[in-house]
Amino acid sequence: MIFHETKLDNGLQIIAELNPNAHSLAIGYFVRTGSRDETADVSGVSHFLEHMAFKGNEKYTADDVNRIFDEIGANYNASTSEEITLYYGSFLPEYIDTAMELLSTLIHPSLRQDDFDMEKKVILEEIGMYDDLHSFTAYEKVMQAHFQGHPLGQSILGSVQSITDLTAEQMRDYHAKHYLAGNLTLAVAGNADWHKVLELAHKFCDHWPGGQTDRPTDEAQPTTGTQIITEKKTQQQHIMQLAPAPSARDILRLPAEILAVVIGDDSNSRLYWKLVDPGLAESAEIGFNEYDGSGTWLTYLCSEPDLIESNLQLIQQIFDDVNQNGITQEELDRAKNKLASRLVLRSERPMGRLSSLGGNWVYRQKYYSVADDLELLNNISLDDIQELLKKYPLGHSTTAAVGPMTTVVD
């Protein structure tokens, strides 16, 4: 693995972890923009833009973009989160010229009015589809409540009203402000020649407008409370709870990942053995989510309504015990091994390395090799876990419930 990095005159950052022995190549544009960067009148525009990117430009139609990606056998897609919009593809190394041109096309599409009007219907259908997913509704509501008054509480999809009211001109203005070269990182992983990467980056990206958009990253001060959405026709109750956790730049983020595996992984964790294995709950998990300046513990419980109160009590008992007594060395070692295996297995494919490579650069402006990550993981001690729990104890400050219940004991 050989790491390279540079910056074009317009501010586009280019990073590459190259491996001549790999059989594939993955490329991604990480755009530092998401729902937290939107205003209320354009809520959902980042996700909408992700869809519009595949509509093509003056040279390529939407059919061209998708057809050519298929012709080279690429695995390609895009995603939008609260903070990053990612456009990526993996393919055979000999198709780097074509893939780079197409991926670069996605960053500056034409944003034609007729495409906008057509895709708006798709976005509204997608919002309706997700409204039927109770776990997603719980996530949206708990994020809005927890981050009330903070940009992280803004919906990724937007609302039916905000998307209906959104205009193509508003989208073009947002794109012009946030898709500046200084807001982008081009990440490359796998089998490629660095000089070839630079040649193509200059060819397709040199003309992009420079500049960078500022983003306030003050740590959120979460509110407390419970939101209940009653859905009488559902058979199960979905509960999501949030509590403060380390941010993406906090040195405690790795201990937080480990602790989440020990306490709330979907297998062989404390929550699993206490609630899922005995059949008390379909799901009982806790995850760690990191953001610019803030982070969360996210607890998710799904079970029969009659068991919700007792299950929440069991979860709180586990949290209280961990906050007071920590975890064991055996649990720490087991979680380290589990995370190390996931890290190594994912890294064996360039596509698996791409998200880690780009994410570390966007959030921390630093390169971590697989060996670096394993060393950091191996060095985490019980003292680090205790320091984490002292600053960010397990628990919840905000709750969202979706299901047949009209009240939930918080």
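Residues numbered from 1 in each chain as written. Predicted model: local features only at pLDDT ≥ 70, side-chain atom pairs only at ≥ 80, totals over all residues. Heavy atoms only, no water.

> Would you explain the pairing of strand β3 (residues 25-31) in this entry?
The two faces of the sheet receive side chains in turn, since in a regular strand these alternate between them. The buried fraction of β3 is high, at seven of seven residues. Direction of pairing for β3 relative to strand β5 (residues 85-91): antiparallel, over a ladder of seven bridges. Within β5, the position partnered with Tyr-29 by the bridge is Tyr-87. Pairing between β3 and strand β6 (residues 184-190): seven bridges, direction antiparallel. Bridge assignment links Phe-30 to a residue of β6, and that residue is Thr-185. (Buried < 20%, exposed > 50% of the residue type's maximum accessible area, 1.4 Å probe, protein only. Helix = DSSP H or I, 4+ residues; strand = E, 2+ residues; numbered from the N terminus. Pairing = 2+ DSSP bridges.)

> What am I meant to see in unusual backbone geometry here?
Apart from glycine, the bulk of residues carry a negative phi angle, and the bulk of peptide bonds sit in the trans form. Of note, the phi angle at Asn-268 is positive, near 55°, even though the residue is not glycine. With respect to the helices, strands and loops of the structure, Asn-268 is situated in the loop between α9 (253-264) and α10 (270-276). Here Asn-268 falls in the partly exposed class, since its relative accessible area comes to 29%. Here Gln-365, not a glycine, exhibits a phi torsion of approximately 50°, which is positive. As for its position among the elements, Gln-365 is in the loop between α13 (350-364) and α14 (370-378). Assessed through its relative accessible area of 41%, Gln-365 is described here as partly exposed.

> Could you clarify how one ought to interpret empty space enclosed by the protein in this entry?
Leftover empty space is mapped by rolling, across the atoms, a probe with the size of a water molecule. Counted by the stated rule, this structure contains four cavities of 30 Å³ or more. Its volume calculated, the largest cavity comes out at about 60 Å³. Of all the secondary structure elements, the ones that give two or more residues to the lining of the largest cavity are α9 and α12 (329-347). Top element by residues in the lining of the largest cavity is α12. It accounts for four residues. The class makeup of the residues in the lining of the largest cavity is three nonpolar, one polar and three charged. (1 Å grid on protein atoms, 1.4 Å probe; cavity = no way out; pocket = protein on both sides within 12 Å on 5 of 7 lines; lining within 4 Å. Points joined across faces, edges and corners; volume = space filled by probe spheres on them. Nonpolar A, V, L, I, M, F, W, Y, C, P; charged D, E, K, R; others polar.)

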